[in-house]
Amino acid sequence: MADFETKSSTKSMSGMLNVRRTFSYALLVILTVLSVFPFLILIVNSSRTHAAIQTTFTLLPGTKFLSNFTKLVSNENLPILHSIFNSVYVSLLTAVFSTYFSTMTAYGIYMYKFKGRGFTFKFIMAVMMVPSQVSACGFLRLMMKMGMLDNLAALYIPAIASPVVFFYMYQALESTLPYSIVEAARVDGCNEFRTFNAIVIPMMKPSIAVQAIFAFVGSWNNYFMPALLISKKAKKTVPIMIAELRSADYQSFDLGTVYMEICLAIIPLLIVYLLLSRYIIAGATAGGVKE
C-alpha cells in the first residue's frame, strides 16, 4: 500500500512538473515573439514604399529595400553613413572610458582604507542622483569657453566620470575580488597599475562587459547632449539624423527611408551585444579565489 501511494505521489509530482515546464516554454515562446516582432516590422517596412506603409499592414517584405537604401545613402543633406561612424566612434570611446576609469575609481575606494573614504563614496552617490539635464546649461557654457563646441570629444570625455558605472563596479568588486589576491600580487613585487590591469580587469570582465553594453547603448541613443553641442553636419550622430529625417517637410518625407535609417542604426548595437555577450555568459559563474 505504501509503495502504491509513493508511486502515485511521484506520478502526481511528475505531472505537475510537466505542466509547469510546458507553461514556462509557452511563456518563453510568447515573450520571444513579442521581442522579435518589432524588429520584423522594422525590416519589412524598410523594404516598402511610403504609400504602402501608410495604407496597408503586412508581414511580407516588399521589393524596395535596395531602393530605400540607395535613396538614403545618396541623400547629401543627411550623410547617414558618416553619422553612423560618428556614433560608433563616440559610443566606443564612451564605453571604454566609463568602464575603465569607473572600475579604477571603484578599485581605489574598495582597496585603500584612507581618511575620507566614506565621504568620497557618498559624494559620488550624491552626484549620481543629479540628472544630466540639470547641469546641461553649465556644461554647455564650459564647452563654449574651452572651444569644444562641434567637437566629438565633448561627448565622450565626460564619460570618464560615470557615477552609475562606478557604483555597479564597486558592488561587483565587493563580491568578486578578494583582498588576498591583491596582497599576493603586492608581495610578488607587482605595482598597483600592473595589478589593476593584469589581475583586476580580467577578473571583472563579465561586469565590465555588462556596463560596456549599457554605456554603448546609452551613448548611441543619446540625443540631448549632441543636439546642444553639435551643429556641423559632418559631426552629427545617428539620433540627430533620425530626428532631422523625421522632421523633413511633407513632400520629401518618406517612411521607407526612415525605417531604413533605423534599421541601419541598430546594426552596430547588435554587433556590440553579440561580441560582449559571450563574456557575460562565460563569466556568469566565474570568480576569484574564495577567502
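Visitor: Would you explain the overall build of the chain in this entry?
Guide: The secondary structure content of the chain amounts to 14 helices and zero strands. Secondary structure elements in the chain, listed N-terminal to C-terminal, are α-α-α-α-α-α-α-α-α-α-α-α-α-α. Within the chain, buried positions represent 35% of all 291 residues. Put simply, of all contacts in the chain between residues at least 6 apart along the chain, 74% involve residues at least 24 apart. In the structure as shown, the chain presents an accessible area of about 17,900 Å², 68% of it carried by carbon and sulfur atoms.

Visitor: Any chance you could explain the packing of helix α4 (residues 80-111) against helix α10 (residues 192-203) here in plain terms?
Guide: Where α4 contacts α10, the axes come no closer than 12 Å and their chain directions differ by 110°. In terms of orientation, α4 lies roughly perpendicular with respect to α10. When the axes of α4 and α10 are compared, the crossing they make is right-handed. Of the residues in α10, those in contact with Tyr-100, Thr-103, Met-104 and Tyr-107 of α4 are Glu-192, Phe-193, Thr-195, Phe-196, Asn-197, Val-200 and Ile-201. For the contact of α4 with α10, the class distribution of residues is seven nonpolar, three polar and one charged.

Visitor: It is not clear to me how the packing of aromatic side chains should be interpreted in this structure. Could you clarify?
Guide: Centre-to-centre distance and the angle between the planes together describe a pair of aromatic rings. Taken as a whole, this structure holds 14 aromatic pairs when the rule is applied. Here Tyr-89 and Tyr-156 contribute two aromatic rings whose centre-to-centre distance is 5.6 Å and whose plane-to-plane angle is 90°, an arrangement assigned as edge-to-face. Linking Tyr-89 in helix α4 with Tyr-156 in helix α7 (residues 153-156), this pair joins segments that are 67 residues apart in sequence. Centroid distance Phe-97 to Phe-101: 6.0 Å. Interplanar angle 75°. Geometry classified as edge-to-face. Linking Phe-97 with Phe-101, this pair stays in helix α4, spanning four residues, or about one helical turn. Given the relative accessible area of 21%, Phe-97 is considered partly exposed. A relative accessible area of 30% places Phe-101 in the partly exposed class. An aromatic cluster is present here, built from Tyr-89, Phe-97, Tyr-100, Phe-101, Tyr-107, Tyr-112, Tyr-156 and Phe-196 joined pairwise through their rings.

Visitor: Can you walk me through the environment of Met-204 in this structure?
Guide: Examined against the element boundaries, Met-204 turns out to sit in the loop between α10 and α11 (205-220). Overall, the relative accessible area of 1% leaves Met-204 in the buried class. As for Met-204 and Leu-177, which are separated by 27 residues in sequence, their C-alpha atoms are 8.3 Å apart. With residues near it in sequence (within four places) discarded, Met-204 still touches Met-169, Ala-172, Leu-173 and Thr-176.

Rules of the game
- Residues numbered from 1 in each chain as written.
- Predicted model: local features only at pLDDT ≥ 70, side-chain atom pairs only at ≥ 80, totals over all residues.
- Heavy atoms only, no water.
- Helix = DSSP H or I, 4+ residues; strand = E, 2+ residues; numbered from the N terminus.
- Buried < 20%, exposed > 50% of the residue type's maximum accessible area, 1.4 Å probe, protein only.
- Contact = heavy atoms within 4.5 Å.
- Areas by Shrake-Rupley, 256 points an atom, 1.4 Å probe, with all protein chains shown as cover.
- Axes fitted to C-alpha atoms, helices over the stretch in contact; angles between N-to-C directions.
- Parallel < 35°, antiparallel > 145°, perpendicular 65-115°, else oblique.
- Left-handed = near helix turned anticlockwise from the far one by under 90°.
- Nonpolar A, V, L, I, M, F, W, Y, C, P; charged D, E, K, R; others polar.
- Phe/Tyr/Trp six-rings, centres within 6.5 Å; stacked < 30°, edge-to-face > 60°.

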